[in-house]
Amino acid sequence: MEKLVETLTTRASQQEAQIASLKQEIQELQNGGVADWESVPPELQALQTENQKLKYRIMHLKRSIEEEESSQGNDHAGNVCDKLMQIFRTTLRVAYPALPNAPVTVQPSQQEKFGDYQCNSAMAIAQQLKAQGTSVSPRVVAQQIQANIPSNDVIEKVDIAGPGFINIHLKKAFVAPLITSILTEGVMPPPIKKRKRIVLDMSSPNIAKEMHVGHLRSTIIGESIFRLMEFVGHDVLKVSHLGDWGTQFGMLITHLADQFPNYLNESPPIHDLQKFYKKSKVRFDHDEEFKKRAYSMVVRLQSHEPDIIKAWELICDISKREFNKVYDRLDIKNLVPRGESFYQERMNSVVEMLEKAGVLEEDEGRKIMFTPGSSVPLTIVKSDGGYTYDTSDMATLRQRVHEEKGDWLIYVVDMGQGTHFDAIFSGCRKLGWYDPDKTRIEHVGFGVVLGEDKKKFKTRSGDTVRLVDLLDEGMRRSLETLKDKGRDKVLSAEELKAAQESVAYGCIKYADLSHRRTNDYVFSFDKMLDDKGNTAVYLLYAYTRIRSIARNAKVSSEALRKAAETTPVPLDHPKEWKLAKCLMRFPEIISRILDDLFLHTLCDYLYELANTFTEFYEVCYCIVKDKQTGEIQSVNTGRLLLCEATAAVMAKGFDLLGLQPVERM
């Protein structure tokens, strides 16, 4: 590209000299009275116009060079789609300098016969040109793009198909080092432009109640997003927003004082505590004297009366211990419990700020606030003077932006809360509490878990399914599955337990994450534990089979990593090439999820990778054994490197999804 700039600059200089000569000649003619200026300028004007176009083209080329040079420190080589986008962005500036916003679209080809990637910009550019009064077919546009692709180390060739699709074929010399780097440097994330402070809101059970199936998706999706963000290098605080304050605790403590005399020194177990809570609610709804006492207890709690605070803390502690047992089983660490009590003083400040801003209105004793785009107002203060979820969530958002310095707030909460969060975000923007151009705040919504009857997942008695019961059932069924396959005969007790946990918790997590999160999904252990299709069991088995290949060849992972430094990855066989291309797409899959936070994309990719590996392994022999003795005759180290790279990418994908694979299953 630098050579092209040099050529065009020389041409522009020659034109400028020619323009100066013409101007001089015209001036001499005018002075001699032979001709006037008006009879000569068309030739000069044409030359000046062409010169201006050349300079415009040179300017865009130089800008492209600067962008490429500045991005080199960001190393886009690992993200092939980004690299191709960069090449075609430069190409379009050269081919169509008058279209500064020419759309660049590059995506993997759906079929191998159409190359490795496809650029589909020609159709959109043809429409833009037509709008400017230039009618040209998309195929001609594609040919113009093809003719201006700069020399690069990525593209082997391009060809044009149909009305103007540009099929891109990659250079094997470009792909091979990407696979080698997986073995020598590990599975690396795509580069990010800026490290952000992220506050992630997930799980969020209520104190004095057991975690149930309704907390499953927020917990699993939130944990996977956390792992993804940490992998790419962001600074993440993950918070569980607990319901631990308000009238319900006045009810509960009052009831405990009546029924559990030692309530100031100990709390009942969580299961009994939930029963006490339900009974206190019944008394509150039907017993006026109890209701008065409960309200009085709320006042004592909010006044931080030592004995009442102690009783409340005991309830919170026993609840958190039970939550942590579930989190330990799901391998969730460093989740900060932060209840509504944490925001009490901040809520007082929020109400003062809203009153000072003049945005609160009186409505039948309540104080409400209308927000842009919402016909239903936020209730900031109830008629009894208490606060609401609206008040709490506004205080929470402000704290996360101004105290935590969050650049990106993520709320992993069910889709039913979408309208509520829209109003909260809108209200905070109206108040100027955050600038959407600087702070990204989003509700990551999800559908509900359904039973096999396609209704909300319940027990046979109609109760909400406890999360601990769900995990126990998963453990029981996974052990049955492993025993049915005879794995208890070949695995040690320790290996069997590890495989049981891997399958049990893995299948529950994967079934959730493999569905588009905005959709409802049917919870079915039978489908989850199927070893065929896009399931955790299939992928976990595939992983252990891949790991066993090098083990059977008696080659260690350390030896393969060392071999990768000198042994080229073979890409000559079509299935070797297909597997390598699938492996190199991992960074762009991660980049896509960072944009939309749809984790099923990673699940689909891992399933595709497992199937692509199977195609490779069926026809590309890694180990040749003597048919009579079974002794190893030869080992194809290059193909073992492809096996090792596949296992490494799958392991990283599993880690991001919260799955724990085992070496033997």
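See the structure shown above.
Residues numbered from 1 in each chain as written. Predicted model: local features only at pLDDT ≥ 70, side-chain atom pairs only at ≥ 80, totals over all residues. Heavy atoms only, no water.

(A) Inspection of the overall build of the chain at higher detail. Helices and strands together make up the secondary structure of the chain, namely 24 helices and 16 strands. Looking at the chain residue by residue over its 665 residues, the buried ones come to 50%. Look at the contacts in the chain between residues 6 or more apart in sequence, and 73% of them connect residues 24 or more apart. (Helix = DSSP H or I, 4+ residues; strand = E, 2+ residues; numbered from the N terminus. Buried < 20%, exposed > 50% of the residue type's maximum accessible area, 1.4 Å probe, protein only. Contact = heavy atoms within 4.5 Å.)

(B) Spotlight on the sheet that holds strand S8 (residues 361-363). Taken in spatial order, the three strands of this open sheet run S8-S9-S10, and their pairing is antiparallel. If you trace the sheet from one side to the other, it starts and ends with S8 and strand S10 (378-381), each paired once. Direction aside, neighbouring strands of the sheet carry axes that sit 45° apart on average. Bridging between strand S9 (residues 366-369) and S10 involves three bridges; their strand directions are antiparallel. Within the sheet, the bridge partner assigned to Met-369 lies in S10 and is Leu-378. (Pairing = 2+ DSSP bridges. Axes fitted to C-alpha atoms, helices over the stretch in contact; angles between N-to-C directions.)

(C) Here's a closer look at the packing of aromatic side chains. Inspection of every chain in the model, using the stated rule, returns 15 aromatic pairs. Aromatic side chains Phe-523 and Phe-525 sit 5.0 Å apart centroid to centroid with 90° between the ring planes, which places their arrangement in the edge-to-face category. When its relative accessible area of 7% is taken as the criterion, Phe-525 is described as buried. A ring pair is formed by Tyr-543 and Phe-654, whose centres lie 5.8 Å apart and whose planes are at 70°; its orientation type is edge-to-face. With Tyr-543 in helix H19 (residues 536-552) and Phe-654 in helix H24 (residues 637-657), the pair connects residues that are 111 residues apart, well separated along the chain. A single burial state applies to Tyr-543 and to Phe-654, both of which are buried. Clustering of aromatic rings is evident, with ring pairs tying together Phe-231, Phe-586 and Tyr-605. Here the basic side chain of Lys-291 rests over the ring of Phe-284, its NZ or CZ set 5.2 Å away from the ring centre. The positively charged end of Arg-346 is found above the aromatic ring belonging to Phe-342, 4.3 Å away from the centroid. (Phe/Tyr/Trp six-rings, centres within 6.5 Å; stacked < 30°, edge-to-face > 60°. Lys NZ or Arg CZ within 6 Å of the ring centre and 35° of its normal.)

(D) Spatial organisation of the packing of H19 against H24. Two elements in contact, H19 and H24, have axes whose closest approach is 9 Å; the angle formed by their N-to-C orientations is 145°. The way H19 lies across H24 gives a crossing that is left-handed. Residues Leu-539, Leu-540, Ala-542, Tyr-543, Ile-546, Arg-547, Ile-549 and Ala-550 of H19 form the contact with H24, whose participating residues are Leu-640, Cys-643, Glu-644, Thr-646, Ala-647, Ala-648, Met-650, Ala-651 and Phe-654. Of the residues assigned to the contact of H19 with H24, the class counts are 14 nonpolar, one polar and two charged. (Left-handed = near helix turned anticlockwise from the far one by under 90°. Nonpolar A, V, L, I, M, F, W, Y, C, P; charged D, E, K, R; others polar.)

(E) Quick look at helix H15 (residues 467-484). With 18 residues, H15 should cover 26 Å at 1.5 Å per step; its first-to-last C-alpha distance of 26 Å lies within 8% of that length. Looking at the buried positions of H15, the neighbouring elements they touch are helix H7 (216-232), helix H11 (306-329), helix H16 (487-490), helix H17 (493-513), helix H18 (525-528) and H19. Taken from the residues just after H15, Gly-486 is the one with a positive phi, measuring 75°. (Expected span 1.5 Å × (residues − 1).)

(F) Molecular detail of the environment of Arg-639. Position of Arg-639 relative to the elements: it lies in helix H24. Judged by its relative accessible area of 15%, Arg-639 falls in the buried class. Sequence separation of Arg-639 and Tyr-617 is 22 residues, and the distance between their C-alpha atoms is 9.1 Å. If we skip the residues at most four places from it in the chain, Arg-639 touches Pro-570, His-573, Glu-576, Phe-616, Cys-620, Tyr-621 and Cys-622.

(G) Structural context of the nonpolar core. Judged by nonpolar contacts, the single largest core of 165 residues is most densely connected at Phe-88, Val-106, Ile-168, Leu-170, Ile-179, Ile-410 and Phe-523. Those residues in contact with Ile-410, other than ones at most four positions away along the chain, are Ile-198, Val-199, Leu-200, Asp-201, Ile-225, Met-229, Glu-442, Val-444 and Leu-597. Of all hydrophobic cores here, the second largest spans 29 residues; its members include Ile-380, Ala-395, Val-401 and Ile-424. (Core = buried A, V, L, I, M, F, W, Y, C linked by side-chain atoms within 4.5 Å.)

(H) Structural context of the packing of H15 against H17. Two numbers describe how H15 lies on H17: the axes approach to 8 Å, and their chain directions differ by 125°. Here H15 is positioned oblique relative to H17, judged by the angle of their axes. The two elements H15 and H17 meet at a crossing, and its hand is right-handed. Across the interface between the two elements, Leu-470, Leu-471, Gly-474, Met-475, Arg-476, Ser-478, Leu-479 and Leu-482 from H15 touch Leu-496, Lys-497, Ala-499, Gln-500, Glu-501, Val-503, Ala-504, Tyr-505 and Ile-508 from H17. Grouping the constituent residues of the contact of H15 with H17 by class yields 11 nonpolar, three polar and three charged. (Parallel < 35°, antiparallel > 145°, perpendicular 65-115°, else oblique.)

(I) Region of the structure containing the sheet that holds strand S11 (residues 408-412). The five strands are arranged S7-S6-S5-S11-S12 in an open sheet whose pairing can be described as parallel. In the strand order of this sheet, the two ends are held by strand S7 (336-339) and strand S12 (440-444), each with one partner. For this sheet, the mean angle separating the axes of adjacent strands, direction not counted, is 25°. Along the sheet, helix H14 (residues 418-430) contacts S11 and S12; its crossing angle with S12, the most-contacted strand, is approximately 165°.

(J) View of the side chain of Ser-514. Its place among the elements puts Ser-514 in the loop between H17 and strand S14 (521-522). For Ser-514, the side chain forms a polar contact with the main-chain oxygen of Ala-511, separated by 3.5 Å. Non-local contacts of Ser-514, meaning those with residues more than four positions away in its chain, are made with His-600 and Cys-603. (Polar contact = N/O pair within 3.5 Å; in protein donor to acceptor, adjacent residues only side chain to side chain.)

(K) Layout of the environment of Glu-618. Turning to its location among the elements, Glu-618 is positioned in helix H23 (residues 600-619). A C-alpha to C-alpha distance of 9.4 Å links Glu-618 and Lys-575, two positions 43 residues apart in sequence.

(L) The pairing of S11, seen in detail. Most of S11 is tucked away, with five of its five residues classed as buried. A two-sided burial pattern is seen for S11, the buried positions comprising Trp-408, Ile-410 and Val-412 on one face and Leu-409 and Tyr-411 on the other. Here five bridges tie S11 to S12, and the two strands are oriented parallel to one another. Bridging from a neighbouring strand, Leu-409 pairs with Ile-441 of S12. Remark: the S11/H14/S12 crossover connection has right-handed handedness. (Right-handed = clockwise from strand over helix to strand, strands pointing away.)

(M) Molecular detail of the state of the cysteines. The tally for this structure, following the rule as stated, stands at zero disulfides. Distance from the sulfur of Cys-622, which forms no disulfide, to the nearest cysteine sulfur (Cys-643) is 3.6 Å. (Disulfide = S-S within 2.5 Å.)

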